[in-house]
Amino acid sequence: MSAPERALARIGLGAIERNCAHLRSLLRGDAQLCAVVKADGYGHGAVWAAKSALAGGASWLAVATAAEAEDLRRHGIAERILVMGALTREDLRVAAEAQADVVAWSPEVAERGERVHVKLDTGMGRLGTKDVELARSLLRDDTVGLMSHFATADEPDDDYFPRQLERFSEFAEEARRERPDLIVHAANSAATYRDPAALFDMVRCGIAIYGMDPFGEDPHARGLEPALSLHSHLGAVRRFEPGDSAGYGRRWTAHESTWIATVPIGYGDGWRRALSNNCDVLVGGRRHPVVGTISMDNLTIDLGPETDFAVGEPVVLIGAQGEERVLAEEVARRLDTINYEITCGLSSRVRRLHVR
Ligand SMILES: *Cc1c(COP(=O)(O)O)cnc(C)c1O
């Protein structure tokens, strides 16, 4: 471990590579893996994530914005990049300059874009056209792809996903009769695990390439390895007597003598305030509860009535230490959100250290 730093996210590039290789093993024939690196690679660093994903067997990349595609190009990435978001005229120009593929569901964009994927909204209710006739009319000789997106792929027992899949399969089959070279794609990470019929020619995986579970469960059970761990250290260790309180609003008070440590990470780093009195961190390979209100730059933890830990002792907020571990999925559950939001929410003040 390097010298203690107040807030550090370690990103294991090998994990991203292996997760991509694992996802590819789920595909059939020459189906391709498109690695989704939008939002700075879900907080992992888009360029590093993209390069690792490509090393792991991904052959396409996807981002949300034209600026994100431009950034990948600026860092020397030459593979195909799909920009998945809605684009203004200016965005279209930036995307074209970056030689990125774009998504279209209107004649305006379909005619302007040079590398177009036509999007049918089969029930996501966000982007794409719901009108099959219109989608059909947008297909041209040089259209690259045909796509859709699932709303409930991560809800294993629902009956909406199969209906979306059926709508899309029907349309894709028909379109392929005339254009057998179209790249048909619909699956996100959850759909890639859920149903082989959703794989088509390419899958667009984001969360799983980072080793987080698309169903919010244990990623290891699905052959995935979390790439990100979050580290800090003990910045102060002090004795508290009964009645002493920790933090703003006195939301925690000692009932007996104990040792309280201050860890220099807080909501300014993305460790959300709603985790106050509501999460554990790892010190010395054991769980210790966060007590009191998390502030912008600090939080406090209870080390118990006896402790050998001193200032500088490493703290793990996400990741493993000894036999114990805290998954992003656990943090998400405590916040009533999804793992995606945990890593995306780590602020730029958290230094990213990319390691092999
Ligand atoms: C973000 C996104 C994905 C990736 O989803 P994951 O659940 O992270 O695998 C795929 N397709 C579209 C259109 C997206 O916006």
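All of these numbers come straight from a predicted model, not from anything done at the bench.

If you tally the helices and strands in the chain, you get 11 helices and 18 strands. Expressed as lengths along the three principal axes of its C-alpha atoms, the size of the chain is roughly 75 × 45 × 35 Å. Residue burial in the chain is summarised as follows: out of 356 residues, 54% are buried. Across the chain, contacts joining residues at least 24 apart in sequence account for 66% of those joining residues at least 6 apart. Accessible surface computed for the chain: about 15,800 Å², of which carbon and sulfur atoms make up 48%. Distance between charge centres in the chain, computed from 42 positive and 53 negative side chains, equals 3 Å.

In the vicinity of the ligand there are 13 residues, among which Lys38, Tyr42, Ser189, Ile207 and Tyr340 approach most closely. Between a nitrogen atom of the ligand and a side-chain N or O atom of arginine 204, the distance comes to 2.9 Å. Side-chain polar atom of tyrosine 340 to an oxygen atom of the ligand: 2.5 Å apart, as the coordinates give it. With respect to the detected pockets, the ligand is housed in the largest pocket. Among the secondary structure elements, those contributing two or more residues to the shell around the ligand are α2 (38-42) and β9 (202-205). Looking at side-chain class alone, the shell around the ligand contains 6 nonpolar, 4 polar and 3 charged residues.

If you walk across this open sheet you meet the 3 strands as β11-β12-β15, and the pairing is antiparallel. Whereas interior strands pair on both sides, the edge strands pair on one side only; in this sheet they are β11 (236-240) and β15 (299-304). Taken pair by pair, the neighbouring strands of this sheet meet at an average axis angle of 30°, ignoring direction. Inspection of the sheet shows β11 paired to strand β12 (residues 258-263) by 5 bridges, in the antiparallel sense. Across the sheet, alanine 236 pairs through a bridge with threonine 262, a residue of β12.

Here we take up the nonpolar core. Leu72, Leu146, Leu230, Leu234, Trp271, Leu299 and Ile301 are the most contacted members of the largest nonpolar core, which has 112 residues in total. Taken domain by domain, this core gets at least three of its residues from each of domain 1 (13-218) and domain 2 (228-326). Ignoring anything within four residues of it in the chain, the contact list for leucine 72 reads Val37, Ala46, Val47, Ala50, Leu61, Val63, Ile77 and Ile81.

For the coordinates displayed, the defined rule picks out 1 cavity of 30 Å³ or more. Put simply, the largest cavity is a space of about 30 Å³. Lining the largest cavity are Ala110, Gly113, Glu114, Val116, Arg140, Asp142 and Thr143. Split by residue class, the lining of the largest cavity holds 2 nonpolar, 2 polar and 3 charged.

With that settled, consider the domain arrangement of the chain. Interfaces are often sized by the amount of accessible area the parts lose when they come together. Parsing the chain into structural domains produces domain 1 (13-218) and domain 2 (228-326). Here the C-alpha centroids of domain 1 and domain 2 sit 40 Å apart.

Take the packing of helix α1 (residues 13-25) against helix α3 (residues 46-55) next. Where α1 contacts α3, the axes come no closer than 7 Å and their chain directions differ by 45°. What the angle tells us is that α1 and α3 run oblique. By crossing handedness, the relation of α1 to α3 is classed as right-handed. On α3, the residues that touch Leu13, Ile16, Glu17 and Cys20 of α1 are Trp48, Ala49, Ser52, Ala53 and Ala55. For the contact of α1 with α3, the per-class residue count stands at 7 nonpolar, 1 polar and 1 charged.

Rules used in this analysis
- Residues numbered from 1 in each chain as written.
- Predicted model: local features only at pLDDT ≥ 70, side-chain atom pairs only at ≥ 80, totals over all residues.
- Heavy atoms only, no water.
- Helix = DSSP H or I, 4+ residues; strand = E, 2+ residues; numbered from the N terminus.
- Buried < 20%, exposed > 50% of the residue type's maximum accessible area, 1.4 Å probe, protein only.
- Contact = heavy atoms within 4.5 Å.
- Areas by Shrake-Rupley, 256 points an atom, 1.4 Å probe, with all protein chains shown as cover.
- Lys, Arg positive; Asp, Glu negative; His and termini not counted.
- Charge placed at Lys NZ, Arg CZ, Asp CG, Glu CD.
- Near = heavy atom within 4 Å.
- Polar contact = N/O pair within 3.5 Å; in protein donor to acceptor, adjacent residues only side chain to side chain.
- 1 Å grid on protein atoms, 1.4 Å probe; cavity = no way out; pocket = protein on both sides within 12 Å on 5 of 7 lines; lining within 4 Å.
- Sits in = over half its atoms within 2 Å of the grid points.
- Nonpolar A, V, L, I, M, F, W, Y, C, P; charged D, E, K, R; others polar.
- Pairing = 2+ DSSP bridges.
- Axes fitted to C-alpha atoms, helices over the stretch in contact; angles between N-to-C directions.
- Core = buried A, V, L, I, M, F, W, Y, C linked by side-chain atoms within 4.5 Å.
- Domains from an automatic or database assignment.
- Points joined across faces, edges and corners; volume = space filled by probe spheres on them.
- Parallel < 35°, antiparallel > 145°, perpendicular 65-115°, else oblique.
- Left-handed = near helix turned anticlockwise from the far one by under 90°.

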